[in-house]
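# Geometric and topological summary
Each chain, letter by letter, is given below.
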Amino acid sequence: MADTAFEAITTRQAWYAGEAVEKYDAVMIGTDGRYMKADGTRPFAGIVQYGAEEAGRMCTVVRGTFPGVAASAIAAGDPLKVSAGKFAKQTTGEAVGIALTAGNTDELIAVAMLETPFSVGG
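Counting restarts for each chain, with residues numbered from 1 along the sequence as it is written. Given that the model is predicted, a residue must reach a pLDDT of at least 70 before its local features are reported, and side-chain atom pairs must reach 80 or more before they are shown or counted; all residues, however, enter totals for whole chains, interfaces and linings. Each side-chain value is derived from all of the structure's non-hydrogen atoms; neither hydrogens nor water enter the calculation.

## Describing the side chain of Thr101
For the purposes of this entry, the term helix denotes a DSSP run of H or I that reaches at least four residues, the term strand denotes a run of E that reaches at least two, and both are numbered from the N terminus. Here Thr101 lies in the loop between strand E8 (93–99) and strand E9 (108–120). Buried means the residue's accessible area, taken with a 1.4 Å probe over protein chains only, is under 20% of the maximum for its type, while exposed means over 50%, and partly exposed covers the values in between. Since its relative accessible area comes to 7%, Thr101 is described here as buried. Whenever a nitrogen or oxygen atom comes within 3.5 Å of another N or O atom, the pair is scored as a polar contact, on the condition that within protein one atom can donate a hydrogen and the other can accept it, and that pairs from neighbouring residues in sequence are kept only if both atoms are in side chains. A polar contact of 2.8 Å, which involves the side chain of Thr101, links it to the backbone nitrogen of Ala110.

The structure is reproduced here in structure tokens:
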């Protein structure tokens, strides 16, 4: 979709990757202190702007509004969680962002990342 290219970066940080990470991957800080694909087990750190081909390489991660990859069908306005480095609809628990655009599996969506997670549902 044409609407997914929107960016409003509020922070940018370059740091080491703990594994290969690609542009648009959702990441977290692993137990080794390096970026790795976010799986929901640790706090969400942001979206990769410039990736790393392997562990030990530098990558750049951004916060704000940036494209991310949908893990499943997403509607605009859906609260989001992370799953295997991608974004999925969050129905309960804490959300890490809001979808600004809709998309299907493996498509880019515009993600407005939240500074503080908020709870969804009951």
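## Considering the pairing of strand E4 (residues 44–50)
The buried count for E4 comes to 5 of 7 residues, which makes it a mostly enclosed element. Bridging between strand E2 (residues 26–29) and E4 involves 3 bridges; their strand directions are antiparallel. In the sheet register, Val27 faces E4, and the bridge partner there is Gly46. Both E4 and strand E5 (residues 58–69) contribute to a ladder of 3 bridges, which runs antiparallel. By the bridge assignment, Val48 is partnered in E5 with Val61. Strand pairing is defined by DSSP finding a minimum of two bridges between the two strands.

## Comments concerning the nonpolar core
What is meant by a nonpolar core is a set of buried Ala, Val, Leu, Ile, Met, Phe, Trp, Tyr and Cys residues, joined one to another through side-chain atoms within 4.5 Å. Grouped together as the largest cluster of nonpolar side chains are 17 residues, with contacts concentrated most on Phe44, Ile47, Leu80, Val82, Phe87, Ile109 and Val111. Every element with two or more residues in this core is listed here: E2, E4, E5, strand E6 (79–83), E8 and E9. The biggest single contributor to this core is E9, with 3 residues. Not counting residues within four places of it along the chain, the set of residues in contact with Val82 comprises Ala26, Ala38, Asp39, Gly40, Phe44, Phe87 and Val96. With 8 residues, the next largest nonpolar core counts Ala17, Val27, Tyr35 and Val48 among its residues. We call two residues in contact whenever any of their non-hydrogen atoms come within 4.5 Å of each other.

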